[in-house]
Every structure is written in structure tokens, then in C-alpha cells.
Amino acid sequence: MKTAINSFELSLYFFGWIMGNLFSLSLLYTEQTNIVNANSKYIPYLKDLQPGWRFLNRLKDVSDTEWMCFTYYFHTSWSYMFIQFVVTELIRSFSSPAEPLLDRIKRFVCDISLFLLYFFGMELALHFIHFHALKERIELLRTFSVLALGGGGLWMGIQFHVKYVIAYGMCGALAKLDNIDSPPTPRCIARIHVYSHMWRYFDVGLYQFLVKYIYKPLYLTLSIYPRLPKLAIKMISSLFTFIFIFIWHGTTKQIFVWSFLNFLGIILETLGKNITETEKYKRFVIKYLKSDAMETRFKAMMCTPLLILSAVSNFYLFGGMDVGDLYFQCFVRPKIYGIFVICLPMYCCCQVSMALQDVPSRTDVKKITVRRERSETNTVKTNVIKTESNSKKIE
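This structure is a prediction, so every number in the text was calculated from the model and none was measured.

**Q** Before we go on, may I ask you to explain the overall build of the protein chain in this structure?
**A** Each helix and strand counted, the protein chain has 16 helices and two strands in total. Across the 395 residues of the protein chain, 41% fall into the buried class. Long-range pairs, those at least 24 residues apart, make up 75% of the contacts in the protein chain with a sequence separation of at least 6. Here the protein chain displays about 23100 Å² of accessible surface, and carbon together with sulfur accounts for 66% of that area.

**Q** Whenever I open this one, the packing of aromatic side chains confuses me. Can you help?
**A** Aromatic rings considered in pairs are described by the distance between their centres and by the relative angle of their planes. Counting across every chain of the model gives 27 aromatic pairs. Consider the rings of F284 and F298, whose centres lie 5.5 Å apart with planes at 55°: the pair is tilted. Note that F284 is positioned in helix α12 (residues 279-289) and F298 in helix α13 (residues 292-319), a separation of 14 residues in sequence. One aromatic cluster in this structure is built from F160, Y164, Y168, F202 and F318. Above the ring of Y201, the side-chain terminus of R187 is found at 3.9 Å from the ring centroid. Here the basic side chain of R200 rests over the ring of Y201, its NZ or CZ set 5.9 Å away from the ring centre.

**Q** Mind showing me how you'd approach the environment of D358 here?
**A** Inspection of the secondary structure assignment puts D358 in the loop between α15 (336-355) and α16 (363-394). Given the relative accessible area of 40%, D358 is considered partly exposed. Along the backbone, D358 and K2 are 356 residues apart, and their C-alpha atoms lie at a distance of 7.2 Å.

**Q** I would appreciate a short explanation of the nonpolar core in the present structure.
**A** Generally speaking, nonpolar side chains in soluble globular proteins are found buried as a group. With 80 residues, the main nonpolar core has F131, L141, F144, W155, I166 and M170 as its most contacted residues. Contact partners of W155, with chain neighbours within four places excluded, come to L25, L28, M122, A125, L126, I129, F131 and H132.

**Q** Looking at this structure, how should I read helix α11 (residues 253-276)?
**A** Each full turn of the α-helix corresponds to 3.6 residues, which orients residues three or four apart in the same direction. Between its first and last C-alpha atoms α11 spans 35 Å; for 24 residues at 1.5 Å apiece the expected length is 34 Å, and the two agree. Looking at α11, one finds that the buried residues are I255, V257, W258, S259, L261, N262, F263, G265, I266, I267, E269 and T270. In the core, the buried residues of α11 are packed alongside α8 (195-201), α10 (230-249), α13 and α14 (321-332).

**Q** Is there a simple way to think about the state of the cysteines in this case?
**A** Cysteine pairs can be covalently joined through their sulfur atoms, and such a bond is termed a disulfide. On inspection of all chains with the given rule, the structure shows zero disulfides. The thiol of C303 is not disulfide-bonded; the next cysteine sulfur, from C350, is found 5.4 Å away.

**Q** Help me understand the pattern of salt bridges, please; the structure alone is not making it clear to me.
**A** All told, the structure shown has seven salt bridges when counted by the stated rule. The salt bridge involving E66 is made with K163; its shortest N-O contact spans 2.8 Å. Of this pair, E66 sits in helix α2 (residues 65-76) while K163 sits in helix α7 (residues 146-177), and the two are 97 residues apart along the sequence. Residue E66 is classed as partly exposed on the basis of its relative accessible area of 45%. A salt bridge links R137 to E139, with the nearest nitrogen and oxygen atoms 3.8 Å apart. Under the relative-accessibility criterion, R137 is labelled partly exposed at 25%. The exposure class assigned to E139 is partly exposed, which follows from its relative accessible area of 33%. Taken together, the shared-partner salt bridges in this structure form one network comprising D64, E66 and K163.

**Q** For this particular structure, what's the right way to read empty space enclosed by the protein?
**A** Sizing a probe to match a water molecule and rolling it over the atoms shows the empty space that remains. Scanning the entire structure with this criterion turns up one cavity of 30 Å³ or more. Looking at the largest cavity, its volume works out to about 50 Å³. Considering the residues around the largest cavity, the lining is formed by F70, Y73, F74, W78, M81, M170, C171 and L174. If you list the elements that add at least two residues to the lining of the largest cavity, you get α2, α3 (78-93) and α7. Residues of the lining of the largest cavity, tallied by class, amount to eight nonpolar, no polar and no charged.

**Q** Sorry, what's going on with the side chain of H127 here?
**A** Mapped onto the elements of the fold, H127 is located in the loop between α4 (101-125) and α5 (131-134). Looking at H127, its side chain comes within polar contact range of the main-chain oxygen of E123, at 2.7 Å. In contact with H127, not counting residues within four places along its chain, are G52, W53, L56, R58, L59 and K60.

**Q** For this particular structure, what's the right way to read the environment of A173?
**A** With respect to the helices and strands, A173 occurs in helix α7. Each C-alpha atom, one on A173 and one on C110, is 9.2 Å from the other, the two residues being 63 residues apart in sequence. The contact partners of A173, leaving out residues within four places of it in the chain, are F108, D111 and I112.

The rules behind the values
Residues numbered from 1 in each chain as written. Predicted model: local features only at pLDDT ≥ 70, side-chain atom pairs only at ≥ 80, totals over all residues. Heavy atoms only, no water. Helix = DSSP H or I, 4+ residues; strand = E, 2+ residues; numbered from the N terminus. Buried < 20%, exposed > 50% of the residue type's maximum accessible area, 1.4 Å probe, protein only. Contact = heavy atoms within 4.5 Å. Areas by Shrake-Rupley, 256 points an atom, 1.4 Å probe, with all protein chains shown as cover. Phe/Tyr/Trp six-rings, centres within 6.5 Å; stacked < 30°, edge-to-face > 60°. Lys NZ or Arg CZ within 6 Å of the ring centre and 35° of its normal. Core = buried A, V, L, I, M, F, W, Y, C linked by side-chain atoms within 4.5 Å. Expected span 1.5 Å × (residues − 1). Disulfide = S-S within 2.5 Å. Salt bridge = Lys/Arg side-chain N within 4 Å of Asp/Glu carboxyl O. 1 Å grid on protein atoms, 1.4 Å probe; cavity = no way out; pocket = protein on both sides within 12 Å on 5 of 7 lines; lining within 4 Å. Points joined across faces, edges and corners; volume = space filled by probe spheres on them. Nonpolar A, V, L, I, M, F, W, Y, C, P; charged D, E, K, R; others polar. Polar contact = N/O pair within 3.5 Å; in protein donor to acceptor, adjacent residues only side chain to side chain.

Following this line, the structure appears as C-alpha cells:
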């Protein structure tokens with residue numbers, strides 16, 4: 001972990017970020033409970049609150065259609081996947097060699113145990129936090145305090161992230177069991193502070209597809225025109241990439257706003273990176289900031305509004321137009337108290353994210369790749385030795 005900030009100051013940022021998250025989530029739960037109890041007449045109209053686990057005797061938020069479909073698939077498809085695995089192993093035994101079956105089963109059991117823990121944790125949390133279900137009555141959300149709304153936004157991000165970690169992780173574990181490499185699971189959103197990292201590390205498969213088939217071909221095509229600046233080529237390529245993203249996710253108003261704000265964030269980030277490479281910025285650092293630590297603090301301060309804009313753009317994706325507009329109003333017309341309670345934890349998040357920027361989070365994928373390369377190398381060596389021995393016999 002490389003950072004110009006001393007360890008004590010970085011610990012304060014980490015503590016502030018974690019405590020801000022926990023306090024906002026606890027305040028969300030408290031205000032949610034009070035609002036629901038005070039407006040019990042709305043409960044019959046909240047169709048996404050259904051009876052949950054019997055021993056808890058609580059209602060469960062079932063508003064996330066993707067999650068409910070995945071849980072149905074999870075409960076009903078294990079027998080088919082087991083049959084498919086057995087048939088695949090029988091076919092593979094007569095064809096190319098693969099990683100030893102026992103090693104793959106051990107890794108599968110470890111991976112699937114972890115994702116099952118996440119799965120039941122998510123199911124348990126949906127019995128206590130009903131933020132998504134309350135969006136059917138936007139007037140209820142308007143009664144939340146700023147910090148509780150921050151907790152609601154944090155919960156929407158956590159739910160979205162954990163949902164995809166579980167879905168991608170379980171599918172990836174099954175793919176590795178079949179000796180197939182799969183893209184890594186999404187990186188934790190709590191350690192991402194800029195748009196480019198969110199796109200690069202959240203859905204790695206989608207990112208690789210976009211870069212390979214849309215961004216790079218456009219960039220190389222436009223590069224043949226020498227009059228176009230490199231920055232303009234990047235912006236045009238990014239624009240068409242986000243047009244595809246808009247069509248890919250659905251041509252609705254909320255997807256358009258989400259795509260546009262993401263494109264705007266990428267443009268601002270690109271401009272900021274280009275500014276830091278200029279001589280004027282370097283002179284500014286030498287004259288006014290005077291140290292790497294102060295420059296790190298300055299960059300975190302500049303990234304804080306961008307991080308808030310990134311969060312607000314995602315709320316359009318998570319909650320729809322009404323929820324996104326509610327958060328956007330808090331962003332464009334903030335109160336002094338709201339600015340402090342939102343910007344301070346976000347600034348701490350930027351500091352923590354910048355410190356963890358070079359810390360890998362997918363070493364398991366690299367280990368699997370190295371192990372597979374070694375097995376393939378050993379297989380090639382074995383085949384070469386067999387060929388040489390056969391040739392000697394023929395001679």
C-alpha cells in the first residue's frame with residue numbers, strides 16, 4: 001500500500017469512513033421503523049413487503065426482481081447443474097487432461113461456502129432494511145433526514161454490489177469446477193472513488209467487451225486523423241461507448257440519465273488527469289502544496305464532488321427517476337449541515353480508496369491461472385518426452 005499520508009492520519013480516515021457508514025445505516029433503520037409505524041396505513045399498499053422467514057416474524061423486501069429470480073434459480077437448479085457436471089467430467093476423461101478433480105472440488109467447496117454466507121446474509125438484511133420497498137411511496141422517502149437518505153443510498157449500493165458478487169461468484173465457482181476461467185467478482189464499491197475504476201473493476205467481463213469491441217476500434221479508427229487531438233479521440237470513443245451502454249441496459253429515461261452522468265464523470269476525470277500532467281499544475285504543487293501529502297489531500301478534495309455525483313448517478317439506476325431526483329436535489333441544493341455530513345465521509349472514502357488503489361483484490365484468479373499454466377507446461381513436457389521415446393524406439 002503506497003500513500004504519502006502517514007499511517008495515523010490514514011487510520012483516522014478509515015475510522016471516519018467506516019463509522020459514517022455504520023451510523024448512516026443505523027439511522028436509516030431507525031427512521032425507517034419510525035416512519036413505517038407512524039404511517040401504518042401505507043403498509044397494505046406496499047406490495048413489495050411480503051412475509052419473510054417465519055422464525056423472524058418480519059416482513060421481507062422483495063422489490064428486487066433480479067435478486068428474486070436468482071434466489072428461485074438457486075433453489076431449483078442444483079440437481080441439473082450436478083448432472084451437467086457429472087456428464088462433463090465423463091466426457092473430459094476421454095479427451096484433454098485437466099486440473100485434478102479433487103483440487104477443483106476443494107476450491108469449489110471453499111468458494112461456494114463463502115458465497116452461501118453472503119447469500120444468507122443478504123436474505124437476512126432484506127428482513128430489516130426496506131428502503132427499496134418504500135420507494136413505491138416517494139412521499140415516505142421525502143421525510144427521511146439527509147444522513148438517513150445517505151444510509152439509504154449506501155444500502156442500495158451495497159445491495160447491488162453484494163447481489164452481483166453472489167451471482168458472478170457462484171457462476172464463477174461452477175465455471176472453475178468445469179476447468180473454465182471466468183471474470184473475477186466485482187471489487188468492493190467502498191474502495192472505489194473514481195468512475196473509471198468503477199467501470200474497470202465492477203463488471204470486468206462487460207468492461208473487457210466494451211474496450212475490445214467498441215472503445216478500441218473507434219479509438220484506432222479516429223487515430224488516423226492527425227488533426228484530432230488525443231483527448232478529443234478519447235472523448236468521442238467514450239461517447240459512443242456510453243451510447244451502446246444506454247441501448248444495452250434499456251432505452252428508458254432513468255438509464256439515459258445514469259449513462260449521461262457516468263459519461264460526464266468520465267469526461268471530468270479525464271480532464272482532471274490531463275491537468276495534473278501540465279507544467280502549470282506541477283508549478284502549483286511546488287509553490288502551494290509543497291509536499292506529496294498535501295497533493296494527496298488536494299486530489300481527495302477534488303475527487304469528493306465527483307464521487308458524490310457518481311453515487312447520485314447510480315441512484316437513478318437503482319431506484320428510478322423519483323429516487324434519483326430526490327438525491328439530485330440534495331446534491332444541487334444542499335444545506336450547510338447536509339454538506340458537512342455527506343462530504344466528510346466521502347472525503348474519507350477518497351483517501352482510503354487512493355491508499356488501497358495498488359492493493360490487489362483478486363489474487364485467487366492469478367493463482368488459478370498460474371496453476372493452470374504450470375499444469376499445461378507439465379503436459380507439454382510429458383508429450384515431448386513421449387514423442388522422443390517413441391522416435392528412439394522407431395530408430
